[in-house]
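Chain by chain, the residues:
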Amino acid sequence: MRIMAIDYGDAHTGIAISDPTGFLAGFTTTINAYRPEAVAEQIAQLAAQHGAEELVLGHPKNMDGTRGPRAEKAEAMADMLRQVTGLPVVLWDERRTTIDAHQILFNSGKNAKKRKKTVDAVAASLILEGYLTYKKSHPNG
């Protein structure tokens, strides 16, 4: 089963899609759009194109676990994605993924300009990896 992970942002939304086995991250891209409706539509197109059966949306909670404005935006996007795609959407705690993505790219020698172009897709890959690892260790739920 293909799973699509989404790192939703104000201007850039990272996408990572698993391989058909649902065990490895495969395709990654970035959607550059500001309007939530435009983002949801492009996600729906990518999900259909790649045969995604489940969406995992980064849920950026505060470090203390509370919900802030970013988490509320993610929750609104999850509702919109359920309506637009008809697919199940799982909210996934993504604290630190963007920070970790920047660190990974910095350590691989990417300059700030190149990091900016790919950081959202790397963050989505980290969300996907975390979720796939969880699913492997919790096969019944």
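Scroll up to find the structure.
No experiment lies behind these values; they were computed from the predicted model shown.

Side note on the sheet that holds strand β5 (residues 89–93)
- Strand order in the open sheet formed by five strands is β3-β2-β1-β4-β5, and the pairing between neighbours is mixed. Across the chains shown, the open sheet's two edge strands, defined by having one partner strand only, are β3 (25–32) and β5. Shown here is a sheet whose adjacent strand axes are inclined to one another by a mean of 25°, direction ignored.
- Pairing of strand β1 (residues 2–7) with strand β2 (residues 12–18) involves four bridges; the strand directions are antiparallel. For Met-4, the partnering residue across the bridge sits in β2 and is Ile-17.
- Sitting on the sheet, helix α2 (residues 69–85) is in contact with β1, β4 (52–59) and β5, with an inclination near 165° to β4.

Some thoughts on the packing of helix α1 (residues 36–50) against α2
- Where α1 contacts α2, the axes come no closer than 10 Å and their chain directions differ by 50°. By the criterion of interaxial angle, the relationship of α1 to α2 is oblique. The hand of the α1/α2 crossing is right-handed. When α1 is examined against α2, the residues Pro-36, Glu-37, Val-39, Ala-40, Glu-41, Ile-43 and Ala-44 are found in contact with a partner set consisting of Met-77, Met-80, Leu-81, Val-84 and Thr-85.
- Broken down by class, the residue content of the contact of α1 with α2 amounts to nine nonpolar, one polar and two charged.

So, the pattern of salt bridges
- Under the counting rule described, the total for this entry stands at six salt bridges.
- Arg-70 is the partner of Asp-10 in a salt bridge, and the nearest nitrogen-oxygen pair spans 3.1 Å. Pair noted here: Asp-10 is in the loop between β1 and β2 and Arg-70 is in helix α2, with a separation of 60 residues, a long-range link.
- Take Arg-70: its relative accessible area is 34%, and that puts it in the partly exposed class.
- Among the charged side chains, a salt-bridge network with shared partners connects Asp-10, Arg-70 and Lys-73.

A short note on the nonpolar core
- Grouped together as the largest cluster of nonpolar side chains are 22 residues, with contacts concentrated most on Met-4, Ile-6, Ile-15, Ile-43, Leu-55, Leu-57 and Leu-81.
- For this core, the elements supplying multiple residues, two or more each, are β1, β2, α1, β4 and α2.
- At six residues, α1 tops the list of elements feeding residues into this core.
- Beyond its immediate stretch of four places on either side in the chain, Ile-43 contacts Met-4, Ile-6, Thr-13, Ile-15, Ile-31, Leu-55 and Leu-81.
- Listed in part, the ten residues of the second largest apolar core include Ala-5, Ala-16, Ile-127 and Tyr-131.

With respect to helix α3 (residues 97–107)
- For α3, the full list of buried residues reads Thr-97, Ala-101 and Leu-105. For α3, the buried positions fall inside an angular range of 70° around the axis, keeping them on one side. Turned more than 90 degrees off the buried face of α3, the exposed positions are Ile-99, Phe-106 and Asn-107.
- Gly-109 occupies a position one or two residues after α3 and carries a positive phi of about 90°.

Conventions we followed
- Residues numbered from 1 in each chain as written.
- Predicted model: local features only at pLDDT ≥ 70, side-chain atom pairs only at ≥ 80, totals over all residues.
- Heavy atoms only, no water.
- Pairing = 2+ DSSP bridges.
- Helix = DSSP H or I, 4+ residues; strand = E, 2+ residues; numbered from the N terminus.
- Axes fitted to C-alpha atoms, helices over the stretch in contact; angles between N-to-C directions.
- Contact = heavy atoms within 4.5 Å.
- Parallel < 35°, antiparallel > 145°, perpendicular 65-115°, else oblique.
- Left-handed = near helix turned anticlockwise from the far one by under 90°.
- Nonpolar A, V, L, I, M, F, W, Y, C, P; charged D, E, K, R; others polar.
- Salt bridge = Lys/Arg side-chain N within 4 Å of Asp/Glu carboxyl O.
- Buried < 20%, exposed > 50% of the residue type's maximum accessible area, 1.4 Å probe, protein only.
- Core = buried A, V, L, I, M, F, W, Y, C linked by side-chain atoms within 4.5 Å.
- Arc of directions from axis to C-beta.

The analysis is restricted to geometry; functional conclusions fall outside its scope.
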